[in-house]
Amino acid sequence: MKAIKTFLYAISIVSLAALHIQCKGNDKAEKEAVSTMEEAQKIAGVTIEKSAFGILPDGEQVEKYILKNSKGVEVSIITYGGIITSVKVPNKENLSEDIVLGYESLAQYTKSSPYFGAIIGRYGNRIAKGKFSLDGKEYDLAKNDGQNHLHGGSKGFDKVNWKAKESLFEDKASLKLSYLSKDLEEGYPGNLQTDVTYALNNNNELEVIYEATTDKKTVVNLTQHSYFNLSGDFSKKILDHELMINADAFIPVDNNLIPTGELEDVTDTPFDFRTAKLIGKDIEASNDQLKKGRGYDHSWVLNEQEKGMRFAASAYHQESGRLLEVFTTEPGVQLYTGNFLDGTLPAKGGGTYAKRTGFCLETQHYPDSPNQSNFPTVILNPDEKYTSKTIFKFSTK
Ligand code: GLA
């Protein structure tokens, strides 16, 4: 009851402040209103801070937004690539530490990044030979992973500067990022208007909501490429994290990490995470699929797909007590265990990112779906709206 009252109070202050700005156009009134809004935000317990992060070679300004809640969680996002540059989460002793890999400066992100924290589009993961057909017409995509197309191409959504709009609603701090991808960008048909909203609430949930519309039939598969290391120490490997994936099957791949088209039962394989087990337990097992992926770099076929939003995966780091739970509306999740990290990229706070110092849980449709007729469709028609939602929930136990 108290929370509701406090909340209503906060909302009314925000509304009054907004009204105040509308009525009086002068600077002083605006300043007063802004500070009243800040007060209101404090009461609701969530805040958003904006600052300059850097300037791109073409002169465009990149902004950084920090979403904070009342439980000590802080999520930093930059407009370039919609990249989550840091996620600060308390451990079981209430010590807040950064649990996602990334860089300190914009120059490092633009120089070379293995998709650290970025929004991936138009297509998460690989499309074989960078080709697919729609209604008998073949489309040629950028080939940026050998002969294949990966994560949207040479300049995917991870490398564009998104328009940002922040808002506070109830106990949620949100940042809506928008980008219009032009017809035939990276080879994809249709002008695709994309919105990705990050929203942090006081329940320590970071929601990622993806929306897109097109003016021509096309394919879409958006995801988020954060690398987590729940220890808060980037010099440590993630092999000691206990992982759980709500999936009875996974998608085997060929030597180039393209799905073979089969769905394989996880029973009695290193891919069985239905009961929590350490990432490191079977990662070095002698297994053809692990060899092809150089570790885990596969999609899992999530259970209960008809349910919509449901539990997909969790990771628990015993020493820090940090637990990450992932819920999604998507049919699949790609687990990538940082197999290509090789100690050459500079880590935040010093040192470098060594192999397996981060893991990604990329909720998405299956790789290469446009060429695999037995996989759930990724086609988006002009009269439809693409929507997808994933929640990353942080807690300790
Ligand atoms: C995805 C891919 C991997 C790799 C990483 C980034 O997870 O499946 O093969 O490209 O992104 O390095």
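Numbering of residues starts from 1 in every chain and runs along the sequence as written. The predicted nature of this model means local features are confined to residues of pLDDT at least 70 and side-chain atom pairs, given and counted, to a pLDDT of 80 or more, with totals for whole chains, interfaces and linings taken over all residues. Hydrogens and water are ignored here; the side-chain numbers use all heavy atoms of the structure.

Asks: Provide a residue-level description of the overall build of the protein, including the pertinent values.
Replies: A run of H or I in DSSP becomes a helix once it reaches four residues, and a run of E becomes a strand once it reaches two; helices and strands are each numbered from the N terminus. When you go through the protein residue by residue, the secondary structure sums to 4 helices and 27 strands. Here the term buried applies to any residue with accessible area under 20% of the maximum for its type, exposed to any over 50%, and partly exposed to those in between, with areas from a 1.4 Å probe on protein chains only. The 397 residues of the protein split such that 54% are buried. When contacts within the protein are restricted to residue pairs at least 6 apart in sequence, those whose partners lie at least 24 apart make up 65%. Reported accessibility uses the Shrake-Rupley method at a 1.4 Å probe radius. Residues are deemed covered only where the shown protein chains occlude them. By element, 51% of the accessible surface of the protein is carried by carbon and sulfur atoms, the whole surface being about 17000 Å². We call two residues contacting when some pair of their heavy atoms lies within 4.5 Å.

Asks: Now, about the nonpolar core: what can you tell me, with residues and values included?
Replies: Core analysis: the largest hydrophobic core is formed by 59 residues, its most contacted members being Y198, I245, W300, L335, F359 and F394. Apart from the residues within four sequence positions on either side, I245 is in contact with F273, R274, W300, L302, A312, A313, V333 and L335. Think of a nonpolar core as a cluster: buried Ala, Val, Leu, Ile, Met, Phe, Trp, Tyr and Cys residues, connected wherever their side-chain atoms sit within 4.5 Å. One finds L56, I78, Y227 and Y336 within the second-largest nonpolar core, a separate group that totals 20 residues.

Asks: Lay out the site of the ligand in plain terms, naming residues and giving numbers.
Replies: Neighbouring residues are identified by heavy atoms, a residue being near a molecule or strand if any of them is within 4 Å of it. Residues in close proximity to the ligand total 14 residues, the closest being R126, H151, H225, D297 and E362. Measuring from an oxygen atom of the ligand, one finds a side-chain N or O atom of E362 at 2.9 Å. Starting from 300 Å² of accessible surface for the ligand in isolation, the protein chains cover 95%. Charged means Asp, Glu, Lys or Arg here, nonpolar means Ala, Val, Leu, Ile, Met, Phe, Trp, Tyr, Cys or Pro, and polar covers whatever is left, Gly included. The residue inventory of the shell around the ligand, partitioned by class, reads 7 nonpolar, 4 polar and 3 charged. Within 3.5 Å is the distance limit for a polar contact, defined as a pair of N or O atoms, with the added protein rule that one can donate a hydrogen and the other accept it, and that residues adjacent in sequence qualify only through two side-chain atoms.

Asks: Before we move on, can you summarise the sheet that holds strand β2 (residues 61-68) with the specific residues and values?
Replies: Pairing within the open sheet is antiparallel, and its 5 strands lie in the order β1-β2-β3-β4-β5. Either end of the sheet is taken by a strand with one partner, and the two such strands are β1 (47-55) and β5 (96-98). On average, adjacent strands in this sheet sit at an angle of 15 degrees to one another, irrespective of strand direction. Two strands qualify as a pair provided DSSP detects at least 2 bridges between them. Of the pairings in the sheet, the one linking β1 to β2 comprises 8 bridges and is antiparallel in character. Among the inter-strand pairings, G54 is bridged to a residue of β2, identified as V62. Axis definition: a line fitted to C-alpha atoms, limited for helices to the stretch in contact. Angles are taken between N-to-C directions and run from 0 to 180 degrees.

Asks: Describe in detail the pattern of salt bridges, supporting the description with residues and values.
Replies: Counted as salt bridges are all cases of a side-chain nitrogen of Lys or Arg within 4 Å of a carboxyl oxygen of Asp or Glu. Inspection of the entire model under this criterion finds 20 salt bridges. One salt bridge in this structure joins D272 and R274, with 2.9 Å as the shortest N-O distance. Residue classification places R274 among the partly exposed residues on the basis of a relative accessible area of 31%. The salt bridge partner of K277 is D282, with a shortest N-O separation of 2.7 Å. For the pair K277 and D282, a shared accessibility class is recorded, and that class is buried.

Asks: Lay out the packing of aromatic side chains in plain terms, naming residues and giving numbers.
Replies: Centres within 6.5 Å are what make two rings of Phe, Tyr or Trp a pair, Trp counting through its six-membered ring; a difference in plane orientation under 30 degrees is then read as stacked, over 60 as edge-to-face, and the rest as tilted. Applying the stated rule across the entire model yields 23 aromatic pairs. Note on F132 and Y188: the rings are 6.3 Å apart at their centroids and 35 degrees apart in plane angle, and the pair reads as tilted. Placement of F132 in strand β8 (residues 131-134) and of Y188 in the loop between β12 (172-181) and β13 (192-200) is noted, with a sequence separation of 56 residues between them. Judged by relative accessible area, which is 2%, F132 ranks as buried. Between F157 and W162 the ring centres are 5.6 Å apart and the planes differ by 90 degrees, which places this aromatic pair in the edge-to-face class. Grouping residues by exposure puts F157 and W162 together as buried. Stacked on the ring of Y139, the Lys or Arg K137 has its end atom at 4.9 Å from the ring centre. Lying over the aromatic face of Y316, K397 brings its terminal NZ or CZ to 4.6 Å of the ring centre. For a lysine, the NZ atom is tested; for an arginine, the CZ atom; a charge sits over a ring if that atom is within 6 Å of the ring centre and within 35 degrees of the ring normal.

Asks: Pulling in residues and values, what's your account of the sheet that holds strand β25 (residues 360-364)?
Replies: Ordered in space as β19-β18-β21-β24-β25, the 5 strands form an open sheet in which the pairing is antiparallel. Two strands close off the open sheet at either side, each with one partner strand: β19 (264-265) and β25. Pairing of strand β18 (residues 247-251) with strand β21 (residues 297-302), which is carried by 4 bridges, proceeds in the antiparallel orientation. The partner of A249 across the bridge, within β21, is V301.

Asks: Mind laying out the side chain of R356, listing which residues take part and the relevant values?
Replies: Mapped onto the fold, R356 is located in the loop between β24 (332-336) and β25. At a separation of 2.7 Å, a polar atom in the side chain of R356 contacts the main-chain carbonyl oxygen of R294. In contact with R356, not counting residues within four places along its chain, are K237, I238, L239, I283, E284, R294, G295, T337, G338 and N339.

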